[in-house]
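Close look at the chain arrangement
Here is what each chain is made of, one letter per residue.
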Amino acid sequence: MPLLTLPRIEQRLAQHRPVVLDPAGFSRQAAVAVILRERGDVTEALFIKRAQRPGDLWSGHMAFPGGHWESGDADLAATAMRETAEEIGLDLARHARLLGHLDHMNVNPIGTRHDMLIVPYVFALAGEPPALAPNHEVADVLWGSLHDMFHGRSATRREMHVRGGLQPFPGYGVRDEIVWGLTYRMLHGFFAVLDPAWRIPEE
């Protein structure tokens, strides 16, 4: 069975025993949705380009839909689903299946003192979803080929504004954008689940 098909991804996630961290040790909790679809022989992942917003740590970045846990969320999977509905108008409960989650991540965003727990949840779309409706937090929605990322064909490097200056960062090209930073790390964790022998490609 080819490695990057949805059935194979579901199988690998079912076999994976993710790292689980105690949320009590974190000042904030968050979750994202890694949303997958098949287009012919290619499996694609959905990314949002965040709108430019003052005070947003990830303003203008490429990311997976997601956000902070709220008291009304049953769990972090519910957080990922709620945030996806709010950000792009996609009801994952109706239009996708939850395949599993990746390792819990301990994240210390630049410029903050927060220890943040983030959990990436993987969903497979069931058929064609309705038209997406991005909210004010989202500038664009893009689909990127997992195959090109996994095999290093879309590996790239770009100078990004960090801490008041330009620094070169590796990432994956999706159309004219670059997936880098935290989302880039999440993809690497995902690829390591799919193939323990996988290594970061050279751009």
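Quick summary incoming for the structure in this document.

**Brief notes about the nonpolar core**
- Core analysis: the largest hydrophobic core is formed by 37 residues, its most contacted members being Ile9, Leu36, Phe47, Leu187, Phe190 and Phe191.
- At eight residues, helix α5 (residues 181–194) tops the list of elements feeding residues into this core.
- Those residues within four positions of Leu36 in sequence are excluded, and the remaining contacts are Leu6, Ile9, Thr43, Glu44, Ala45, Val122, Phe123, Ala124, Leu125, Trp143, Leu146 and Phe190.
- In this structure, Phe26, Leu76, Tyr121 and Val141 belong to the second largest nonpolar core, which totals 22 residues.

**Side note on the sheet that holds strand β10 (residues 165–174)**
- Read from one edge to the other, the open sheet built from three strands follows the order β9-β10-β11, with strand pairing classed as antiparallel. On the outer flanks of this sheet lie β9 (155–162) and β11 (177–180), each paired with one strand and no other. Strand-to-strand twist of the sheet, defined as the mean angle between neighbouring strand axes without regard to direction, takes the value 60 degrees.
- In this fold α5 packs onto β10 and β11, with an angle of close to 65 degrees to the strand it touches most, β11.

**A closer look at the pattern of salt bridges**
- With the rule as written, the count across this model stands at eleven salt bridges.
- Notably, a salt bridge pairs Glu10 with Arg97, separated by 3.0 Å at the nearest N-O pair. Of this pair, Glu10 sits in helix α1 (residues 6–15) while Arg97 sits in strand β5 (residues 96–101), and the two are 87 residues apart along the sequence.
- On the basis of relative accessible area, Glu10 is assigned to the partly exposed category, the value being 29%.

**Section: the packing of α1 against α5**
- Between α1 and α5, the shortest axis-to-axis distance is 9 Å and the interhelical angle comes to 90 degrees. In terms of orientation, α1 lies roughly perpendicular with respect to α5. Across from Ile9, Arg12 and Leu13 in α1, the residues of α5 making contact are Phe190, Val193 and Leu194.
- Residue composition of the contact of α1 with α5, by class: five nonpolar, no polar and one charged.

**Things to note about the environment of Glu128**
- Among the secondary structure elements, Glu128 is positioned in the loop between β7 (116–125) and β8 (138–145).
- Owing to a relative accessible area of 56%, Glu128 belongs among the exposed residues under this scheme.
- For the pair Glu128 and His95, spaced 33 residues apart in the sequence, the C-alpha separation amounts to 8.0 Å.
- Contacts of Glu128, omitting those with residues within four sequence positions, involve Arg37 and Arg39.
- A polar contact of 2.5 Å, which involves the side chain of Glu128, links it to the side chain of Arg39.

**Things to note about the environment of Arg17**
- With respect to the helices and strands, Arg17 occurs in the loop between α1 and β1 (28–39).
- Classification of Arg17 as exposed rests on a relative accessible area of 65%.
- A polar contact of 3.1 Å, which involves the side chain of Arg17, links it to the backbone oxygen of Ala14.

**Structural notes on the pairing of β11**
- Pairing analysis gives four bridges linking β10 to β11, with the strands arranged antiparallel. Residue pairing across strands places Gly171 opposite Trp180, the latter belonging to β11.
- Taken together, β10 and the strand that follows it, β11, pair antiparallel across an intervening segment of two residues, in which Arg175 is found at a positive phi of about 55 degrees.

Cut-offs and rules
- Residues numbered from 1 in each chain as written.
- Predicted model: local features only at pLDDT ≥ 70, side-chain atom pairs only at ≥ 80, totals over all residues.
- Heavy atoms only, no water.
- Core = buried A, V, L, I, M, F, W, Y, C linked by side-chain atoms within 4.5 Å.
- Buried < 20%, exposed > 50% of the residue type's maximum accessible area, 1.4 Å probe, protein only.
- Helix = DSSP H or I, 4+ residues; strand = E, 2+ residues; numbered from the N terminus.
- Contact = heavy atoms within 4.5 Å.
- Pairing = 2+ DSSP bridges.
- Axes fitted to C-alpha atoms, helices over the stretch in contact; angles between N-to-C directions.
- Salt bridge = Lys/Arg side-chain N within 4 Å of Asp/Glu carboxyl O.
- Parallel < 35°, antiparallel > 145°, perpendicular 65-115°, else oblique.
- Nonpolar A, V, L, I, M, F, W, Y, C, P; charged D, E, K, R; others polar.
- Polar contact = N/O pair within 3.5 Å; in protein donor to acceptor, adjacent residues only side chain to side chain.

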